[in-house]
Amino acid sequence: MNEALHTTLPGADLIVRRSSYNVLASYVLRRMSKDGDKGSSMRALRFTEAAIDSSRTEVADVEPPTPEAGEISIDVAFAGINFADVMARRGDAGYVLAWPWIPGLEVAGTVREVGAGVTGFARGQRVAALTSGGGFAGISVSNAALVVGVPEVVDLSIAAAAPIAATSAWLMLNDVAHVRSGESVLMHAASGGVGRAVAQLAPILGARRLVGTVGTAPKADAPRAAGWGTAIVRSP
């Protein structure tokens, strides 16, 4: 999907690249309007219907969302691209509420507006957020409980890839597995975004040995490069 966005929509000012910070394996999609979205419309990438390729993917002018009570709208600088967006594009059950669909489940940017009852955030503040969709657009809306501030020392392209992969990895290691110093970590499907994040975070918790499994031999190089000491190809 990442290459398709880059090569089939050249006029949309879309740039897809890997985050420069190796703890994150997501890709990031640069905002589609360098000057921001103003007025009564914004640009958004959307899927018009299910497809296995980018033939039903377009960039369109759409009405910008406004935050309801408990929500925050964000001027999107970067949006993470995840496999869930691929599943949404091909029409897998449970990923699209209605067509056309604007994908994008994690974003980083600046606060545009705050809805009623939201405190602790100011207009223009740098933030990252999980969304329920709509991240591939100039403006996105998220539940305020799923928005966090981003320090100035953290690039927004990095922050955009953190809400899903890096957060999932940290919760798995710290809150679920309770990894402690000297222990070993075994993870299946280690070549994905969460797997790469686990490889970077587990040593911080003191993990001694990292063993990851993959489904096919060509996938073994990625986890090794990410920090998995051993990558095992599962038997068919």
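Overview of the structure.

Cut-offs applied
- Residues numbered from 1 in each chain as written.
- Predicted model: local features only at pLDDT ≥ 70, side-chain atom pairs only at ≥ 80, totals over all residues.
- Heavy atoms only, no water.
- Helix = DSSP H or I, 4+ residues; strand = E, 2+ residues; numbered from the N terminus.
- Buried < 20%, exposed > 50% of the residue type's maximum accessible area, 1.4 Å probe, protein only.
- Contact = heavy atoms within 4.5 Å.
- Areas by Shrake-Rupley, 256 points an atom, 1.4 Å probe, with all protein chains shown as cover.
- Core = buried A, V, L, I, M, F, W, Y, C linked by side-chain atoms within 4.5 Å.
- Pairing = 2+ DSSP bridges.
- Right-handed = clockwise from strand over helix to strand, strands pointing away.
- Axes fitted to C-alpha atoms, helices over the stretch in contact; angles between N-to-C directions.
- Salt bridge = Lys/Arg side-chain N within 4 Å of Asp/Glu carboxyl O.
- Polar contact = N/O pair within 3.5 Å; in protein donor to acceptor, adjacent residues only side chain to side chain.

**Digging into the overall build of the chain**
Argument step 1. The number of helices and strands found in the chain is 6 helices and 12 strands.
Argument step 2. Counting all 236 residues of the chain, 48% fall into the buried class.
Argument step 3. Sequence separation of 24 or more characterises 65% of the internal contacts of the chain that already satisfy a separation of 6 or more.
Argument step 4. A total accessible area of about 11600 Å² is found for the chain, and carbon and sulfur atoms account for 54% of it.

**Considering the nonpolar core**
Argument step 1. Counting 25 residues, the largest nonpolar core has V62, I72, I74, I102, V107 and F136 as its most contacted members.
Argument step 2. Of all the elements in the fold, those that place two or more residues in this core are strand 3 (42-47), strand 4 (57-62), strand 5 (71-81), strand 6 (106-114) and strand 7 (126-130).
Argument step 3. The biggest single contributor to this core is strand 5, with 5 residues.
Argument step 4. Among the nonpolar cores identified, the runner-up in size contains 16 residues, and L173, A197, V198 and A199 belong to it.

**Overview of the pairing of strand 10 (residues 184-187)**
Argument step 1. Alternating positions in strand 10 separate cleanly, V185 and M187 being buried on one face and S184 and L186 remaining unburied on the opposite face.
Argument step 2. Taken together, the 4 bridges between strand 10 and strand 11 (residues 209-214) define a ladder with parallel strand orientation. Across the sheet, M187 pairs through a bridge with G212, a residue of strand 11.
Argument step 3. In this region the chain leaves strand 10, passes through helix 5 (residues 193-201) and returns to the parallel neighbour strand 11; the handedness of that crossover is right-handed.

**Remarks on the sheet that holds strand 11**
Argument step 1. Strand order in the open sheet formed by 3 strands is 10-11-12, and the pairing between neighbours is parallel. Each having just a single partner strand, strand 10 and strand 12 (230-233) make up the two edges of the open sheet. Within the sheet, the average angular offset between the axes of one strand and its neighbour, ignoring direction, is 15 degrees.

**Focus: the pattern of salt bridges**
Two side chains bearing opposite charge may form a pair once their charged atoms approach each other closely.
Argument step 1. For the structure shown, the criterion picks out 6 salt bridges.
Argument step 2. E58 is the partner of R46 in a salt bridge, and the nearest nitrogen-oxygen pair spans 2.6 Å. Within this pair, whereas R46 is found in strand 3, its partner E58 is found in strand 4, the two being separated by 12 residues in sequence.
Argument step 3. With relative accessibility at 22%, the residue R46 sits in the partly exposed group.

**Focus on the environment of T57**
Argument step 1. Considering the arrangement of structural elements, one finds T57 in strand 4.
Argument step 2. Overall, the relative accessible area of 10% leaves T57 in the buried class.
Argument step 3. Sequence spacing of T57 and P100 is 43 residues, and the spatial spacing of their C-alpha atoms is 9.5 Å.

**Digging into the side chain of T131**
Argument step 1. Counting through the fold element by element, T131 comes out in the loop between strand 7 and strand 8 (139-143).
Argument step 2. A polar side-chain atom of T131 sits 3.0 Å from the main-chain amide nitrogen of G133.
Argument step 3. When near neighbours in sequence (up to four residues on either side) are disregarded, T131 contacts G104, L105, E106, V107, S140, V141 and S142.

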